[in-house]
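# Secondary and tertiary structure notes
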Amino acid sequence: VGVVKATRLERAPQLALDGLILGLIIALAALGLNLIFGTTGLTNFAHGEILTMGGIVTYYLSSSFGVPVIIAVPLSILITAAVAGWAQNQYLWKPLRKRGTGLIAMLVVSIGFAIFLRYFFLFLFGGDTRQLPQYAGQAGLELGLVNITPKSILTTVIGIGFIVFATLWLLRTRMGKASRAVADNPALASVSGIDVQKVIRAVWILGAALAGYAGVIVTVNQGVSFLMGQDMLLLIFAAVTLGGLGTANGALVGSLIIGLFVQLSTLFIPTELKYVGALIVLILILIVRPQGILGRKERIG
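Residues numbered from 1 in each chain as written. Predicted model: local features only at pLDDT ≥ 70, side-chain atom pairs only at ≥ 80, totals over all residues. Heavy atoms only, no water.

Mapped onto the elements of the fold, Arg130 is located in the loop between helix 4 (103–125) and strand 1 (141–143). Among the residues examined, Arg130 registers a relative accessible area of 27% and is labelled partly exposed. Taking the C-alpha atoms as reference points, Arg130 and Gly223, separated by 93 residues in sequence, lie 5.2 Å from one another. Only 2.3 Å separates the side chain of Arg130 from the backbone oxygen of Phe125, close enough to count as a polar contact. (Helix = DSSP H or I, 4+ residues; strand = E, 2+ residues; numbered from the N terminus. Buried < 20%, exposed > 50% of the residue type's maximum accessible area, 1.4 Å probe, protein only. Polar contact = N/O pair within 3.5 Å; in protein donor to acceptor, adjacent residues only side chain to side chain.)

For the rest of this paragraph, the subject is a nonpolar patch on the surface. Together, Ile70, Ile71, Leu75, Leu78, Ile79 and Val83 make up a nonpolar patch on the protein surface, roughly 540 Å² of accessible area in all. Looking at the element boundaries, Ile71 is found in helix 3 (residues 69–98). Here Ile71 falls in the partly exposed class, since its relative accessible area comes to 43%. (Patch = residues over 30% accessible without salt bridge, like charges linked within 9 Å, V, L, I, M, F, W, Y side chains within 5 Å. Areas by Shrake-Rupley, 256 points an atom, 1.4 Å probe, with all protein chains shown as cover. Salt bridge = Lys/Arg side-chain N within 4 Å of Asp/Glu carboxyl O.)

What follows covers the pattern of salt bridges. All told, the structure shown has one salt bridge when counted by the stated rule. Where Glu49 meets Arg118, a salt bridge forms, and the shortest distance between an N and an O atom there is 3.2 Å. Here Arg118 lies in helix 4 and Glu49 lies in helix 2 (residues 47–63), a separation of 69 residues in the sequence. Judged on exposure class, the residue Glu49 and its partner Arg118 are both buried.

Moving on to the nonpolar core. Ranked by size, the top nonpolar core spans 81 residues in total, and within it Ile26, Leu28, Tyr213, Met232, Leu235, Ile236 and Ile258 carry the most contacts. The leading source of residues in this core is helix 8 (residues 196–222), at 17 residues. Among residues more than four places away in sequence, those in contact with Ile236 are Ile26, Ala29, Ala30, Leu33 and Leu51. (Core = buried A, V, L, I, M, F, W, Y, C linked by side-chain atoms within 4.5 Å. Contact = heavy atoms within 4.5 Å.)

Let us now look at helix 9 (residues 228–243). Here helix 9 spans 23 Å end to end across 16 residues, near enough to the 22 Å set by a 1.5 Å rise per residue. Phi turns positive one or two residues past the end of helix 9, at Gly244, with a value near 120 degrees. (Expected span 1.5 Å × (residues − 1).)

In this structure, Thr241 sits in helix 9. Looking at Thr241, its side chain comes within polar contact range of the main-chain oxygen of Phe237, at 2.7 Å. Those residues in contact with Thr241 that lie beyond four places of it in its chain are Leu282, Ile285, Leu286 and Gly292.

Scope: geometric values only; no functional claims are made or implied.
Below is the structure:
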C-alpha cells in the first residue's frame, strides 16, 4: 500500500503549532536583542551565538556530567547569562563604549566576534547535530489535529513564563523603568541620576538569559549544532525589523508572524527554502514600512 500523503488542510494545524513554537523561540532571542539595541544602539550580530552557547552548555551538563536536564537547563541559563551577558558586556563592549567607538565599528566587531565564536564552538563541539541523551526519541501526544511531545509542551510553557517575566520586569521594576528611560534618552537619563552602565549591565544579563533559553528549547526539541545560532539569527533580525527595532512589543508581534510564516510557507514551497520567505518579508517591510509594524518614524536632521 502506498503512503497516503496528507493534504494541505490536514497539515496546516500542525504547521501552525510548529510556527507558534518557532515564534516563541525567536521572540525570546529578539526581545533580548531589542533591549540591548534600545539601551546601547548596538545591533549585535553575535546574539545568535548566545543561543548556541545555551544549547551546548545544556548538552555538556547533561551528557558529559550526567546532570538531569531539569537541573541542567537553569544551570545553563545562569552560565550563559554570566558569560554571554555580564562578561561579554564587561570585557568587550564596555571598554569600546568608554573609548567612544562608533556604532558602525562596533557592528563590524560584533560580526567578527560572531564568526570567532561560531568556529570556536565548531572546534569544541564538532560539526554534528547532537540530541540530548535523556530526551532523544520521546513519543508525541495526539491532541486533536496536532501532535506535540511533553518536552515541547513544558519548554514552551516555561518560555511563555520567561517572556511574561521580562515584560513585567520592563514595566514594573525600577531597573526596567530605568532601562526604558535610557532607551528613550541616555543623556537625559544620566543627568536624572540613573546609573546608565548599571542599566546596560542588567539588560545584557537579561538579554543573554532569554537568548540562552531560546537555545535550550531548540536543543531539547531538535538537538544542538554549532550553526544553530547562525540559522536563527536571520529570523531574529527579520522579526525585530518587522515588529520595529527597539520596541519590546514589536519584537513579540514580529516573532510570531515570522514563526507562523516560515512554517506555513512549507505548504507551498520545499522545506529547504522556508527561510527564504522570512527574507522576502524582511525586504518587503523595509520597502513599505521601514520603521516596522510598531516602530516610530525617526526624524532625520
